[in-house]
Amino acid sequence: MKKITIFYQPLCPFCKRAFRYINECIQENPELGDIEIEKIDELIQPDYADKFDYYYVPTIYFEGKKLHEGGIFKDEMKDLLTSVLTGKEYNQPTK
C-alpha cells in the first residue's frame with residue numbers, strides 16, 4: 001500500500017479543507033482509498049516535523065519527496081492522489 005504523509009495544524013482552515021477534499025476524492029474515486037494517509041500534527045510532533053523542509057501547512061510528502069505545500073484545491077488533491085496511486089509524476093501548480 002502506498003502512503004502519503006500530511007503535516008498539518010488542527011486549527012488551520014487550509015488543512016481542514018485538504019482533509020475534506022481527500023475524503024470527497026475517495027468517495028468519488030474509491031480506488032484512491034488504497035492510499036494510506038499518515039497525519040502529523042506539527043504542534044504535537046514538532047521534533048519530527050522539523051526534520052522536513054517546509055514552511056506552510058498542509059504539506060504532503062510521498063516517499064520522502066514533497067509533493068505539495070500550502071493550500072490546495074479539490075482538483076489538485078485528486079491529481080495528487082491519482083499520481084501517487086499510478087506512479088505518474090505530480091507537479092504542484094504555481095499560484
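Going by the structure above, here's the rest.
No experiment lies behind these values; they were computed from the predicted model shown.

Asks: Looking at this model, I keep getting lost on the overall build of the chain. Mind explaining?
Replies: Of regular secondary structure, the chain possesses three helices and four strands. Secondary structure elements in the chain, listed N-terminal to C-terminal, are β-α-β-α-β-β-α. For 95 residues, the compact-globule estimate of 2.2 N^0.38 gives 12 Å, and the C-alpha radius of gyration of the chain, at 12 Å, lies within 12% of that figure. For the C-alpha atoms alone, the extent of the chain along its principal axes is close to 35 × 25 × 25 Å. Sequence-distant contacts in the chain: of pairs separated by 6 or more residues, those separated by 24 or more amount to 61%. As presented, the chain carries roughly 5,900 Å² of accessible surface, and 50% of it is formed by carbon and sulfur atoms. Of note, the chain has its 13 positive side-chain charges centred 3 Å away from the centre of its 17 negative side-chain charges.

Asks: For this particular structure, what's the right way to read the pairing of strand β1 (residues 3-8)?
Replies: Moving residue by residue along a regular strand, the side chains alternate between the two faces of the sheet. Of all the six residues making up β1, five are buried; the element is thus mostly covered by neighbouring parts of the structure. As paired strands, β1 and strand β2 (residues 36-41) are joined by six bridges and run parallel to one another. Each bridged residue has a counterpart across the sheet, and for K3 the counterpart in β2 is E36. Each parallel crossover has a hand, and for β1 linked through helix α1 (residues 13-28) to β2 it is right-handed. Alignment of β1 against strand β3 (residues 59-62), held across four bridges, turns out to be antiparallel.

Asks: Hey, could you run me through the pairing of β3 in this one?
Replies: Judged by which residues are buried, β3 turns out to be covered on both faces: T59 and Y61 on one side and I60 and F62 on the other are all buried. Hairpin connection of β3 to strand β4 (residues 65-69): two residues between the antiparallel strands, including E63 at a positive phi of 50 degrees.

Asks: Can you help me understand the pattern of salt bridges in this one?
Replies: Side-chain pairs of opposite charge can arise where the charged atoms are in close proximity. All told, the structure shown has five salt bridges when counted by the stated rule. Here K74 makes a salt bridge to E24, at a shortest N to O gap of 3.2 Å. Note that K74 is positioned in helix α3 (residues 74-86) and E24 in helix α1, a separation of 50 residues in sequence. Assessed through its relative accessible area of 24%, E24 is described here as partly exposed. For K74, a relative accessible area of 26% gives the class partly exposed. Each of the salt bridges in this network shares a partner with another, and the network as a whole consists of R20, E24, E28 and K74.

Asks: Just checking my understanding: could you explain α1 for this structure?
Replies: For α1, built from 16 residues, the straight-helix expectation of 22 Å at 1.5 Å per residue is met to within 8% by its first-to-last C-alpha distance of 22 Å. Taken together, the buried positions of α1 are occupied by C15, A18, F19, Y21, I22 and C25. For α1, the angular spread of buried residues about the axis comes to 155 degrees, placing them on one side. What points out from α1, more than 90 degrees from its buried face, is the exposed set Q27 and E28. Tucked inside the fold, the buried residues of α1 contact β1, β2 and α3.

Conventions and cut-offs
- Residues numbered from 1 in each chain as written.
- Predicted model: local features only at pLDDT ≥ 70, side-chain atom pairs only at ≥ 80, totals over all residues.
- Heavy atoms only, no water.
- Helix = DSSP H or I, 4+ residues; strand = E, 2+ residues; numbered from the N terminus.
- Rg over C-alpha atoms; globule rule 2.2 N^0.38 Å.
- Contact = heavy atoms within 4.5 Å.
- Areas by Shrake-Rupley, 256 points an atom, 1.4 Å probe, with all protein chains shown as cover.
- Lys, Arg positive; Asp, Glu negative; His and termini not counted.
- Charge placed at Lys NZ, Arg CZ, Asp CG, Glu CD.
- Buried < 20%, exposed > 50% of the residue type's maximum accessible area, 1.4 Å probe, protein only.
- Pairing = 2+ DSSP bridges.
- Right-handed = clockwise from strand over helix to strand, strands pointing away.
- Salt bridge = Lys/Arg side-chain N within 4 Å of Asp/Glu carboxyl O.
- Expected span 1.5 Å × (residues − 1).
- Arc of directions from axis to C-beta.

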